[in-house]
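Inside the fold
One-letter residues, chain by chain:
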Protein chains: 2
Amino acid sequence: MTQRISMAHGEGGELTHKLIKNVFVRNFNNKEQSRLDAAALPWYQNEIVMTTDSYVVDPLFFPGGNIGKLAVTGTVNDLAVSGAKPIAMTAGFIIEEGFELGDLREIAQSMAMEARLAGVQIIAGDTKVVEKGNADGVFINTTGVGQFHEQRLESEAIKEGDAIIVSGAIGEHGVAIMSAREDLGLMTGLQSDCASLNHLVEEVMNHVEGIRVMRDPTRGGLATTLVELCEDFKFSAELVESTIPVPMEVHGACDILGFDPLYLANEGKIVLVVDAAHEHTILEAIKKHPLGNGAQIIGRVTSCKESSGRLYLKTPIGTTRRLHRLPGMLLPRIC
Amino acid sequence: MTQRISMAHGEGGELTHKLIKNVFVRNFNNKEQSRLDAAALPWYQNEIVMTTDSYVVDPLFFPGGNIGKLAVTGTVNDLAVSGAKPIAMTAGFIIEEGFELGDLREIAQSMAMEARLAGVQIIAGDTKVVEKGNADGVFINTTGVGQFHEQRLESEAIKEGDAIIVSGAIGEHGVAIMSAREDLGLMTGLQSDCASLNHLVEEVMNHVEGIRVMRDPTRGGLATTLVELCEDFKFSAELVESTIPVPMEVHGACDILGFDPLYLANEGKIVLVVDAAHEHTILEAIKKHPLGNGAQIIGRVTSCKESSGRLYLKTPIGTTRRLHRLPGMLLPRIC
């Protein structure tokens, strides 16, 4: 039977993982990478890092942002969590025939404003147009380059007892997108958390030591992101559910729609694994920044053997369950 | 009246030029750039250059290539003509739900093979999926970084009498795409010229001097590309129509469909402005490379005043007419 791409292939979970591994990584022959995320250029002592993302968020305008703002913050954050200072980015637009020029202008203005806030230059661009019905408004690709901070991440040093920190409340972007989709009929006052985190990361990296690794829990949410971290760096970890900051509106929306906040996308949060000896200093440094004032320690690394790579959740009633990647469909076109 | 994006906004001609200038360059605030093409990073003595392109070619598979091969060669060539050695690129995929996995695999394999030929690493990627009917098979963005060759282009030195060289026959990509579109019913044996030109450029730059500036005449064709060069570098030029290499099949197809070969896209050709004192050495160096063996001198720079910026064509019957950018619609989704 002919195998075909399904929506779930784009959700950042198990199927996306397999698609990238089997079709792209295998062909592009990128050593042992299981993902094709931010990567160091084979150049200048590997000081330069590069990352790419295409944005197909639906709807294009949502509470707290639009596709343009998201296209800048998303790529800025990918660079930031790799431990780099974002320097410049490119922007490629695929526009559907008939799209309103006024909307395009507003999107470009949002990009420009967010790029200024983040201190990143948009240095090159490209515009393509396809016939009505062959795209959905506008799709944007941004590709960023950055330079690693002098202080490097200590991913090799991950060990039992390391703390897991999230920089604030989770699930807001996911719920904001859901509430902007008319067909779901969901009313909340929640805004997307979409924001550039590079200044927060820079501030923290400049003043503290002990950061092992960072990620931005976007598609697939906090759970999928941490499962990937566990697998990539071969450690197991346990999250304490009661310590994970989930806003009431996110809980409410999830209850109505049957979603799990741990799998909802975030666009303005980072999750960090840090040395327990420095966890309080790091937590305080994150909390000092306006974008990190809801930061919490939410779990710990429980083992670091070769065979590790599992993520567990301790529930309020004392049971423990294993968390996996987002298994299939949840919410398509979240970013 | 609400202004809307039309197909002509994507064809690389006058409307694309205005869209990029008014919406993107104005907002992204890139100094005096009239385009958003390959640009030097504000970094490392401006040694690093970056360029981005999204590919929406229709059909995805055509004589001589497919969207994957094109996505690599196109970005490699953008770097090459800016005088840089391509180092690495990223690849972002937007895939329509229901797209055949086998086709995606074939496209990825073509990209991998072409990247190896060009000596470029695909170091990072991204995959998004949109619902059936919200894209057209697959769209690919590639963004490349390169390093300027030691020998720099002498664009400041452009002067009257400089020769204009094209590296081979024009119009092949355009005709190959047309013939692959069933609705046009055009039968030709022509293949797209799509090829990575970085080795040709490197060979030439390493062995000759006197290259003022280079471009790849893709969307909008040779005429639009040269009009942009004339405007960007403030010179006027005259092409001699009888010296421009146009294959018989391209002439034939153009006669049937009412197209002008000068406006058809090429994906494996460069056009160069060179010092007349070195024109023969440069021409010979290009011809020595298999991808340049059809190279010809096709015109000259006729003036270099501030008020210049015009392109003329001397026809075989001795008249001269001015060439402009591709004015409106010709052939959408050529790349």
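This structure is a prediction, so every number in the text was calculated from the model and none was measured.

With that settled, consider the UniProt feature "domain: PurM-like N-terminal" (unreviewed entry) in chain A. Following the UniProt record, the feature "domain: PurM-like N-terminal" (unreviewed entry) maps to residues 37-147 of chain A here. Secondary structure content for residues 37-147 of chain A is 30% helix and 42% strand, and the end C-alpha separation is 15 Å.

On to the interface of chain B and chain A. How big an interface is tends to be stated in terms of accessible area lost as the parts join. Between chain B and chain A, the residue contacts involve 77 residues of the former and 77 residues of the latter. Overall, the association of chain B and chain A removes approximately 7100 Å² of surface from exposure, summing both partners, and the carbon and sulfur fraction of that is 65%. Taken together, the links from chain B to chain A amount to eight salt bridges. The interface formed by chain B and chain A contains 21 residue pairs in polar contact (both at pLDDT 80 or more). No other element matches strand β6 (residues 121-130) of chain B, which puts ten residues into the side of chain B that touches chain A.

Here we come to the UniProt feature "domain: PurM-like C-terminal" (unreviewed entry) in chain A. Feature annotation in UniProt assigns "domain: PurM-like C-terminal" (unreviewed entry) to the following positions: residues 159-307 of chain A. When the span residues 159-307 of chain A is considered, its composition is 35% helix and 17% strand, and the gap between its end C-alpha atoms is 14 Å.

Residue and element names in this part refer to chain A. With the rule as written, the count across this model stands at 40 salt bridges over all chains. Linking Asp260 and Arg321 is a salt bridge whose minimum nitrogen-to-oxygen distance equals 3.7 Å. Pair noted here: Asp260 is in the loop between α7 (248-257) and β11 (271-274) and Arg321 is in strand β14 (residues 320-323), with a separation of 61 residues, a long-range link. Exposure remark for Asp260: the relative accessible area of 22% places this residue in the partly exposed category. A single network of salt bridges, built from pairs that share partners, joins Glu154, Lys159, Asp162, Arg212 and Asp275.

This paragraph deals with the relation of the copies chain B and chain A. Note on the identical chains: chain B maps onto chain A by a rotation of 180 degrees and an axial translation of 0.0 Å, with an RMSD of 0.0 Å. One copy is carried onto the other by what is essentially a two-fold rotation axis. Identified as the residue of chain B closest to the rotation axis by C-alpha distance is Ala135 of chain B, at 2.1 Å. Interface overlap between copies is the fraction of interface residues in one copy that are interface residues in the other; for chain B against chain A it reaches 100%, indicating a shared surface.

Scoring rules and cut-offs
Residues numbered from 1 in each chain as written. Chains lettered and ligands numbered in written order. Predicted model: local features only at pLDDT ≥ 70, side-chain atom pairs only at ≥ 80, totals over all residues. Heavy atoms only, no water. UniProt positions renumbered as here; feature names shortened; annotations may be inferred. Helix = DSSP H or I, 4+ residues; strand = E, 2+ residues; numbered from the N terminus. Contact = heavy atoms within 4.5 Å. Buried area = accessible area lost by both parts, 1.4 Å probe. Salt bridge = Lys/Arg side-chain N within 4 Å of Asp/Glu carboxyl O. Polar contact = N/O pair within 3.5 Å; in protein donor to acceptor, adjacent residues only side chain to side chain. Buried < 20%, exposed > 50% of the residue type's maximum accessible area, 1.4 Å probe, protein only. Least-squares fit on C-alpha atoms with pLDDT ≥ 70 in both.

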